[in-house]
Amino acid sequence: MDFFELQATDPHSRARAGVVRTDHGDILTPIFMPVGTIGSVKAVKQEDLEELVKAQIILGNTYHLYLRPGMDLMQKNGGLHRFMNWSGPILTDSGGFQVFSLGKIRKIREHGVEFRSHLDGSPIFLGPKESMEIQRTLGSDIAMVFDECPPHTADRDEVNRAVKRTLRWAAECKAQPRAEGQLVFGIVQGTHHADLRKKCAEALVEMDFDGYAIGGVSVGEPEPEMMKAVEISEHYLPEHKARYAMGLGTPAQLIELVARGVDMFDCVLPTRVARNGTAFTPKGTFAIKGGAVKADFNPIDPTCECFACRNHTRAYIRHLLNVNEILGLRLVSIHNSHFFLKVMDDVRMHLR
C-alpha cells in the first residue's frame, strides 16, 4: 500500500503537495503538527484543535508519556487516542531527543541508553526495542525510530559514531512488532557533514521505511547551516515517501523548508510563545501584554478568522494575560496554532 500520494509540485522549487494516509484519517501536506507532549496541546482542548485550529494530526512524546501516566495505564485504556479522546492521526517521537538532551547524566550502550528520570532520579533504560514497545502501546499512527541526535558542535568522529549507531538502531526498530496500521519513519542524522547525511539517508532508504524524517536540525546551529542540512538530506530521500523536518520552526522557516521538499513539521513555538503573551501575525510577532494595546479594540490580527480574532479584542486578551486569567493563554494559543495551520493551508492551496 502507498501511504503517501504526491499530488502537486512546484516547477520553481522542490515544494510539493500530497496526502499521507493513516488508519485515523488522511493528512494533507505540507502540514504543521501541533505538539501535545504529555497527551495535551498546552491550553488547547481537543475539540478546539479539531474545530477551531483545524489540526489534522498532533504529536505525543514517548519519553514523557512513558514516565507519566505510564504504559500500564495506557494499555488498560487502549492507547493514546482513547486516553486523550482524539480521533485524528497521532505521531509519536521515539524519545531519543529527550534522552540525548540529558547530556552527561546518561550512558550509551550497544542497544540503548541508560539514564535517570528527570522526575525522581529512578534508573531507566531506553533503546530501539523499548521505544517501539512504548509506541506500540500508545498506538500512534506514525512511530519514529530511536536515534542518536549529536550536538551540532560535536566533532566529526563523534557524529560518525552517532550515525552508525542510528543506523543500527533503525534496523532494530524496523524488526520490532507494530501496532495495527502503524507506520514507522526513519530519521536522518549527520549534523552539518554532507557525506555523513548522505550515508545515513541512503542506508535508511535501503531499509525501506514508510517515511523519513530529517533530524538534528534547529538544535542551536545557525539557520543557513540548518537549511543546508535539510537540503542535503532531502536530496537522497525518495519522492514517493513523506518527509518530515523534526522540531521546526517559525512560519518563515516552514515556507523555506517547504520549498526544499519537506512535507511535515512540528514545533512547540505556537503555544510556548503564547504563554508569554506573544502572538503571530502576517506582519510578524508582537507582545499583547504591552501597554500599547491597552485600549486597542481591534482583533489580534484583522485578517485572521480564528475564534480569538472573531470574538475578542487585543485589549481584552491583554487584560486576561495581565491578571493571569487562563482564558488569555487559551485564546492566544488557539490563535497561534490556527495561524501556523493557516500558513500551511495557503501553501497547499498555491501548490495545488
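The model shown is predicted, which means the values in this text are computed figures rather than measured ones. (Residues numbered from 1 in each chain as written. Predicted model: local features only at pLDDT ≥ 70, side-chain atom pairs only at ≥ 80, totals over all residues. Heavy atoms only, no water.)

Draft legend 1. Inspection of the overall build of the chain at higher detail. Counting its secondary structure elements, the chain contains 14 helices and 16 strands. For the chain, whose C-alpha radius of gyration is 20 Å, the value lies close to the compact-globule estimate of 20 Å for 352 residues. Seen through its principal axes, the chain has C-alpha atoms that stretch 60 × 50 × 40 Å. Taken over 352 residues, the chain has a buried fraction of 55%. Put simply, of all contacts in the chain between residues at least 6 apart along the chain, 66% involve residues at least 24 apart. When the accessible surface of the chain is summed, it comes to about 15500 Å², and 50% of that surface belongs to carbon and sulfur atoms. (Helix = DSSP H or I, 4+ residues; strand = E, 2+ residues; numbered from the N terminus. Rg over C-alpha atoms; globule rule 2.2 N^0.38 Å. Buried < 20%, exposed > 50% of the residue type's maximum accessible area, 1.4 Å probe, protein only. Contact = heavy atoms within 4.5 Å. Areas by Shrake-Rupley, 256 points an atom, 1.4 Å probe, with all protein chains shown as cover.)

Draft legend 2. Layout of the side chain of aspartate 93. Looking at where aspartate 93 falls in the secondary structure, it is placed in strand β6 (residues 90-93). Buried and without a salt bridge, aspartate 93 has arginine 272 as its closest oppositely charged side chain, separated by 11 Å. In this structure, aspartate 93 is in contact with Gly60, Asn61, Thr62, Gln98, Gln135 and Met144, ignoring residues within four places of it in sequence. (Lys, Arg positive; Asp, Glu negative; His and termini not counted. Salt bridge = Lys/Arg side-chain N within 4 Å of Asp/Glu carboxyl O.)

Draft legend 3. Representation of the packing of aromatic side chains within the structure. Counting across every chain of the model gives 6 aromatic pairs. Look at phenylalanine 146 and tryptophan 169: their rings are 5.1 Å apart centre to centre, the planes differ by 40°, and that puts the pair in the tilted class. Remark: tryptophan 169 occurs in helix α7 (residues 156-175) and phenylalanine 146 occurs in the loop between β10 (142-144) and α7; sequence separation between them is 23 residues. The same class applies to phenylalanine 146 and to tryptophan 169, which are both buried. What links up through ring pairs into an aromatic cluster is the set Phe32, Phe280, Phe339 and Phe340. Lying over the aromatic face of phenylalanine 209, lysine 174 brings its terminal NZ or CZ to 5.5 Å of the ring centre. (Phe/Tyr/Trp six-rings, centres within 6.5 Å; stacked < 30°, edge-to-face > 60°. Lys NZ or Arg CZ within 6 Å of the ring centre and 35° of its normal.)

Draft legend 4. Layout of empty space enclosed by the protein. In this structure the tally under the stated criterion is 2 cavities of 30 Å³ or more. Counted as a void, the largest cavity has a volume near 40 Å³. What lines the largest cavity is His152, Thr191, His192, Arg197, Gly216, Val217, Glu221, Glu225, Met226 and Ala229. Considering every element that reaches the lining of the largest cavity, the biggest residue donor is helix α9 (residues 223-235), with 3 residues. When its residues are assigned to classes, the lining of the largest cavity shows 3 nonpolar, 4 polar and 3 charged. Taken as a whole, the second largest cavity encloses approximately 40 Å³ of empty space. If you go around the second largest cavity, the residues you meet are Phe32, Pro34, Val35, Val41, Cys267, Val268, Pro270, Thr271 and Ser337. In terms of residue class, the lining of the second largest cavity is built from 7 nonpolar, 2 polar and no charged. (1 Å grid on protein atoms, 1.4 Å probe; cavity = no way out; pocket = protein on both sides within 12 Å on 5 of 7 lines; lining within 4 Å. Points joined across faces, edges and corners; volume = space filled by probe spheres on them. Nonpolar A, V, L, I, M, F, W, Y, C, P; charged D, E, K, R; others polar.)

Draft legend 5. Focus on the sheet that holds strand β7 (residues 107-109). The strand order across the open sheet formed by 3 strands is β7-β8-β9, and the pairing between neighbours is antiparallel. Two strands in the sheet have a free side with no partner beyond their single neighbour: β7 and β9 (123-126). Here the average twist between neighbouring strands, direction ignored, is 25°. Note that strand β8 (residues 112-116) and β9 share 4 bridges and pair antiparallel. Its bridge partner lying in β9, valine 113 is registered against leucine 126. (Pairing = 2+ DSSP bridges. Axes fitted to C-alpha atoms, helices over the stretch in contact; angles between N-to-C directions.)

Draft legend 6. View of the layout of surface pockets. By volume, the largest pocket amounts to about 940 Å³. As for the largest pocket, its lining consists of 42 residues, and the residues nearest its centre are Phe97, Gln98, Gly247, Asp266 and Val268. Elements represented by at least two residues in the lining of the largest pocket include exactly β5 (58-61), α2 (62-67), α5 (96-100) and α11 (269-274). When its residues are assigned to classes, the lining of the largest pocket shows 16 nonpolar, 20 polar and 6 charged. Of the pockets and cavities examined, the second largest pocket occupies roughly 280 Å³. Contributing to the lining of the second largest pocket are 16 residues, with His338, Phe339, Lys342, Val343 and Asp346 lying nearest its centre.

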